[in-house]
Amino acid sequence: MSSSDAPLPDDDPRMPPAVTFASGAELLMQLGIVESITREGVRHIADTDPLWPFGKGRAYPYWPLANAKVMATQPFLKFFRERKRRPKTT
């Protein structure tokens, strides 16, 4: 990994101010918060985790942008850093 590919620290001004489900999944992996996740994985967590911070009646709104929902980056990262991974059920 070259220095230009190194993950950005949270306070870096080049950190995106907002993410979509897809770009958020990519950022989580780039920052090493999760080993692997897809936009569908993030969406599943958003739909099933009662502590998800975005949406109607939650701490943070979604913002519509084109055909996507956009979320503030910092609360998105904070949620995933603090989230306890749930075991898969079979």
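Residues numbered from 1 in each chain as written. Predicted model: local features only at pLDDT ≥ 70, side-chain atom pairs only at ≥ 80, totals over all residues. Heavy atoms only, no water.

1. Section: the pattern of salt bridges
Within this structure, the stated rule accounts for 3 salt bridges. Salt-bridge contacts for Glu40 lead to Arg39; the nearest nitrogen and oxygen are separated by 3.4 Å. For Glu40, a relative accessible area of 45% gives the class partly exposed. For Arg39, a relative accessible area of 47% corresponds to the partly exposed category. (Salt bridge = Lys/Arg side-chain N within 4 Å of Asp/Glu carboxyl O. Buried < 20%, exposed > 50% of the residue type's maximum accessible area, 1.4 Å probe, protein only.)

2. Re the packing of aromatic side chains
The final tally for this structure, using the stated rule, is 9 aromatic pairs. With a centroid separation of 6.2 Å and 45° between ring planes, the pair formed by Phe21 and Tyr62 is classed as tilted. Residue Phe21 is found in helix 1 (residues 21-30), and its partner Tyr62 is found in the loop between helix 2 (39-48) and strand 2 (63-65); the two are separated by 41 residues along the sequence. Relative to Phe80, the ring of Phe76 lies with its centre 5.0 Å away and its plane at 55°, an arrangement referred to as tilted. You can see Phe76 and its partner Phe80 sitting in helix 3 (residues 73-82), 4 residues apart, about one turn around the helix. (Phe/Tyr/Trp six-rings, centres within 6.5 Å; stacked < 30°, edge-to-face > 60°. Helix = DSSP H or I, 4+ residues; strand = E, 2+ residues; numbered from the N terminus.)

3. Considering the packing of helix 1 against helix 3
Relative orientation of the contacting elements helix 1 and helix 3 amounts to 55°, with a least axis distance of 11 Å. The angle between the axes of helix 1 and helix 3 places the two elements in the oblique class. Remark: the crossing between helix 1 and helix 3 carries right-handed chirality. Judged by residue contacts, Gly24, Ala25, Leu27 and Leu28 of helix 1 engage Thr73, Phe76, Leu77 and Phe80 from helix 3. Of the residues assigned to the contact of helix 1 with helix 3, the class counts are 6 nonpolar, 2 polar and no charged. (Axes fitted to C-alpha atoms, helices over the stretch in contact; angles between N-to-C directions. Parallel < 35°, antiparallel > 145°, perpendicular 65-115°, else oblique. Left-handed = near helix turned anticlockwise from the far one by under 90°. Contact = heavy atoms within 4.5 Å. Nonpolar A, V, L, I, M, F, W, Y, C, P; charged D, E, K, R; others polar.)

4. Some remarks on the nonpolar core
Val42, Trp52, Phe76 and Phe80 are the most contacted members of the largest nonpolar core, which has 18 residues in total. Apart from the residues lying within four places of it in its own chain, the contact partners of Phe80 are Leu28, Ile33, Ile37, Val42, Ile45 and Trp52. (Core = buried A, V, L, I, M, F, W, Y, C linked by side-chain atoms within 4.5 Å.)

This is a description of form; function is not addressed.
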